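Residue strings, one per chain:
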There are 2 protein chains.
Amino acid sequence: MAEDKRGGGDDGDAGGRWPTVRGRHAAAARATSRDVARAAGVSQATVSLVMGGKWRGRVSEPTAEAVRAAARELDYRPNLAARNLRLGRTRTALLVVPALTNEFFAGVYTGAARVAAEHGVGVVLYPSPEGTGPARDPFASARATLDGVIASSMAADALSDLREGGLPLVMLDSDPDRTDAVATVNLDIADGMRQVTEHLLALGHRSFAHIAADIDSWTFRVRARALADAVRATAGAAVVRTEPAAMTVAAGLRAAERALTGPGPRPTALICDDDILAAGACKAARRLGLRVPEEVSVTGFDDLSLATAVEPELTTVRLPAEAVGAAGMRALVAVLDGQPATTTTVPVELVTRGTSGPHDDAARPGGQTRRGARREASVG
Amino acid sequence: MAEDKRGGGDDGDAGGRWPTVRGRHAAAARATSRDVARAAGVSQATVSLVMGGKWRGRVSEPTAEAVRAAARELDYRPNLAARNLRLGRTRTALLVVPALTNEFFAGVYTGAARVAAEHGVGVVLYPSPEGTGPARDPFASARATLDGVIASSMAADALSDLREGGLPLVMLDSDPDRTDAVATVNLDIADGMRQVTEHLLALGHRSFAHIAADIDSWTFRVRARALADAVRATAGAAVVRTEPAAMTVAAGLRAAERALTGPGPRPTALICDDDILAAGACKAARRLGLRVPEEVSVTGFDDLSLATAVEPELTTVRLPAEAVGAAGMRALVAVLDGQPATTTTVPVELVTRGTSGPHDDAARPGGQTRRGARREASVG
DNA sequence: CGACGCTAGTTATACGTAAAACCGGGATAG
DNA sequence: CTATCCCGGTTTTACGTATAACTAGCGTCG
């Protein structure tokens, strides 16, 4: 029974089910579906049917149970490489994130993994290598190992490889008019920045500095634009300075120092693109002898754990990272199942904490009511 | 020429190289090595030899170039699932980390990825799911998709699955007398904690509190033991309180509050198992009106970016995360190549910053010279 | 009573690659 | 002059799985 099709020798002889351990380190050879079939006295096809769960009406219950028992006995695990080859798909998605340290993406992963698990999909993570990483080839031939990709727009350097892979691509927080993505999940970043700005405007601030991430990504372009729009809507308000900074505390500190000591009226509020930068900005203010928030307000973005680690705690915009990851994975699973992809926008929420306060006009004379008073009003 | 072995119909006919697009979303079918062979006028085996780089002395240069040209033309990428099945290995390693947010593991990944790239090995990341995650099955059948695993001892809940996978396992920062790991990479945690303690002892501190991570992991057990050993070596010194805390700023804050306000002599130094806890401890001290480091010293562990985000900046122990990841990957690659595995210990380094200072005995009377004076000396 | 359908399987095949085994012909050594 | 070796390939096979196609036996219905 089913003893043909094998070269011979290695097969029917007793005296050792695992004739040769081919592995380099003495690892036991895994049982295959054929081994299970032999042990259960059925054909390999039957094993495949039973293990695949498609045996209803095809295999009798006693036989199925015998197969399951044999599988258990031999500790059978289907060989994924073979299955992937046979099926031409893997039910595995790749999540591409810009940097592991970014807490936001940890949340994205969590949300994506949850939804993936609900649909029997696996997730592997690929942190975009810093600079021109050599580890790019996951994409080069990834097609056989992956069914789809979810990528953050911040992982810019990996995107060209992604495109070439020919895999369905869900973009997170990306330019909506990309044509190569099958779906896009966007955070309502513009609304978040608008809320921050209006919050500060309501506190009486009119003179702002923007501590901006120096990353060329859609999400940061949107922040800058939304800030400009919100400020423009209020007469007498202005962004008096924009200082770019790398995404570190030290860079945020230096940028804020520049913003606070440069020529022209000193801004009363520092709007930062990220909590990391905001933490640096707070340090800079204190280093200059300015109290936060009494003399200068600072706002962050993202609501990382850092936001409550510093003192005072940061006023910031909470991004529901898990919702983003979940929506991304839902979109990808839909595409994988042949359904039309949907583009989602996830709302964000202003979190008011200790670094933003009312601006007391009397505290310090400055040119924040007259728009043209920028020159000649140096406070430095 | 090599036109047999195919069912028929789909094969030799002209009029469309991609007869049916089987993919659900209109994706172009990938060219296979057979397609390349046909285009180059050679056999599939020749294509495999050329693409595999093993053609020296087997294929003439003109033929090889023709194959390469055809491959380029058709945008050929080898099907990884087929290759994995054929070779029985994948040259892919899995890195299991406890949590994505932990910056330390981002460094571990970076180091591991660098070494992996040097050896043509890919790395995928698996963050151990929080709690009883459902996404565990990557290990269940991972054998066909992975060649080896590098796991942090903190990813405790995933370890049982890992063991079952039968894959070579390199443990990071784990109990050295594990028998199921082929290699272990340890940080000299004990030395780090010894350095911290001796630093504080040299500053005059004698009464310590240990803000301890509430995770049952080798690394934290070692920290507690090394702290106890170092303190015991100095007459008159004692750990007057040990407060466990989850790994969050808020939990660190509460634990430090308990440590500073409990009965008995108030400790003059808070030794924290992690920078996160140390940040919370600093907040607690300030909240109680105690200046850091003048009235209470605080030390962290790990040297995360958080350490320089807070003020004052944290005295802490720098863990060379990249070196750990690199050593782990080196050990795994060695095992994969059949070489004996080596166990490594990576040194750590004390970083003295702003949260540790000399203890001025006069600043505050307390029972830190007499060991038995714990009772009746409440400072509350 | 024969065709039919259902049950419970089996046999055969394909997925795409790597590599072992084979092979024709020219150069070369004995 | 012939046996051998090397060059430059080709043919063939196997990896382990999923599934389409087939089949033997049996009850059933027209």
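Procedures and definitions
Residues numbered from 1 in each chain as written. Chains lettered and ligands numbered in written order. Predicted model: local features only at pLDDT ≥ 70, side-chain atom pairs only at ≥ 80, totals over all residues. Heavy atoms only, no water. Helix = DSSP H or I, 4+ residues; strand = E, 2+ residues; numbered from the N terminus. Buried < 20%, exposed > 50% of the residue type's maximum accessible area, 1.4 Å probe, protein only. Contact = heavy atoms within 4.5 Å. Expected span 1.5 Å × (residues − 1). Near = heavy atom within 4 Å. Polar contact = N/O pair within 3.5 Å; in protein donor to acceptor, adjacent residues only side chain to side chain. Pairing = 2+ DSSP bridges. Disulfide = S-S within 2.5 Å.

**Student:** Which parts of the structure should I look at to understand the overall build of chain A?
**Tutor:** Per the secondary structure count, chain A includes twelve helices and twelve strands. Residues counted as buried form 52% of the 380 residues belonging to chain A. Contacts in chain A between residues at least 24 apart in sequence constitute 71% of all its contacts with a sequence separation of at least 6.

**Student:** Help me out: how do you make sense of helix α8 (residues 218-232) of chain B in this one?
**Tutor:** Residues and elements named next belong to chain B. Taking 1.5 Å of rise per residue, the 15 residues of α8 would be expected to cover 21 Å, and the 21 Å separating its terminal C-alpha atoms lies within 8% of that figure. Turning to α8, its buried residues are Trp 218, Thr 219, Phe 220, Val 222, Arg 223, Ala 226, Leu 227, Ala 230 and Val 231. Among the structural elements, β5 (183-187), α7 (189-202), β6 (207-213), β7 (238-245) and β8 (269-272) are those in contact with the buried residues of α8.

**Student:** Would you take a moment to explain the protein's contact with DNA strand C for this structure?
**Tutor:** Around DNA strand C, 28 residues are found, and the nearest of them are A:Ser43, A:Thr46, A:Ser60, B:Ser33 and B:Arg86. The share of sugar and phosphate among atoms of DNA strand C within 4 Å of the protein is 57%. In the model, a phosphate oxygen of DNA strand C is placed 2.6 Å from a nitrogen or oxygen of the A:Ser60 side chain. Between DNA strand C and B:Arg83 there is a distance of 2.8 Å, counted from a phosphate oxygen to a side-chain nitrogen or oxygen.

**Student:** How do you make sense of the protein's contact with DNA strand D when you look at a structure like this?
**Tutor:** Near DNA strand D lie 26 residues; those nearest to it are A:Ser33, A:Tyr76, A:Arg86, B:Thr46 and B:Ser60. Backbone sugar and phosphate groups make up 56% of those atoms of DNA strand D lying within 4 Å of the protein. The contact in question runs from a phosphate oxygen of DNA strand D to an N or O atom on the side chain of A:Arg83, over 2.8 Å. The set of elements that each furnish at least two residues to the surface near DNA strand D consists of α2 (44-51) and α4 (80-87) of chain A together with α2 (44-52) and α4 (80-87) of chain B. Of all the elements, α4(A) adds the most residues to the surface near DNA strand D, at four residues.

**Student:** Help me out: how do you make sense of the pairing of β8(B) in this one?
**Tutor:** Every other side chain in a regular strand lies on the same face of the sheet, so the side chains alternate between the two faces. Residue and element names in this part refer to chain B. Side chains Ala 269 and Ile 271 of β8 all project onto a buried face; the interleaved residues Leu 270 and Cys 272 project onto the opposite face, where all are buried too. Sheet topology note: the β6/β8 ladder contains four bridges and is parallel. The residue bridging Ile 211 from the neighbouring strand is Cys 272, located in β8. Here three bridges tie β8 to strand β9 (residues 297-299), and the two strands are oriented parallel to one another.

**Student:** Any chance you could explain the state of the cysteines here in plain terms?
**Tutor:** In a disulfide, the sulfur atoms of two cysteines are covalently bonded to one another. If you walk through the whole model with that rule in mind, you get zero disulfides over all chains. Cysteine A:Cys282 remains unbridged, with the sulfur of A:Cys272 as its closest cysteine sulfur at 7.4 Å.

**Student:** When you look at the side chain of A:His205 in this model, what are you seeing that I'm missing?
**Tutor:** Residue and element names in this part refer to chain A. Mapped onto the elements, His 205 comes out in the loop between α7 (189-202) and β6 (207-213). A residue is classified by how much of its surface remains accessible, and His 205, at 1% relative accessible area, is buried. Within polar-contact distance, the side chain of His 205 engages the backbone oxygen of Gly 357 at 2.9 Å. Those residues in contact with His 205 that lie beyond four places of it in its chain are Leu 200, Thr 268, Ala 269, Ser 297, Gly 357, Pro 358 and His 359.

**Student:** It is not clear to me how unusual backbone geometry should be interpreted in this structure. Could you clarify?
**Tutor:** Negative phi values dominate among residues other than glycine, just as trans dominates among peptide bonds. The omega torsion across A:Glu311 and A:Pro312 is -5°, close enough to zero to call that bond cis. Its place among the elements puts A:Pro312 in the loop between α11 (306-309) and β10 (316-318). Even without being a glycine, B:Asp303 presents a positive backbone phi close to 60°. Mapped onto the elements of the fold, B:Asp303 is located in the loop between β9 and α11 (306-309).

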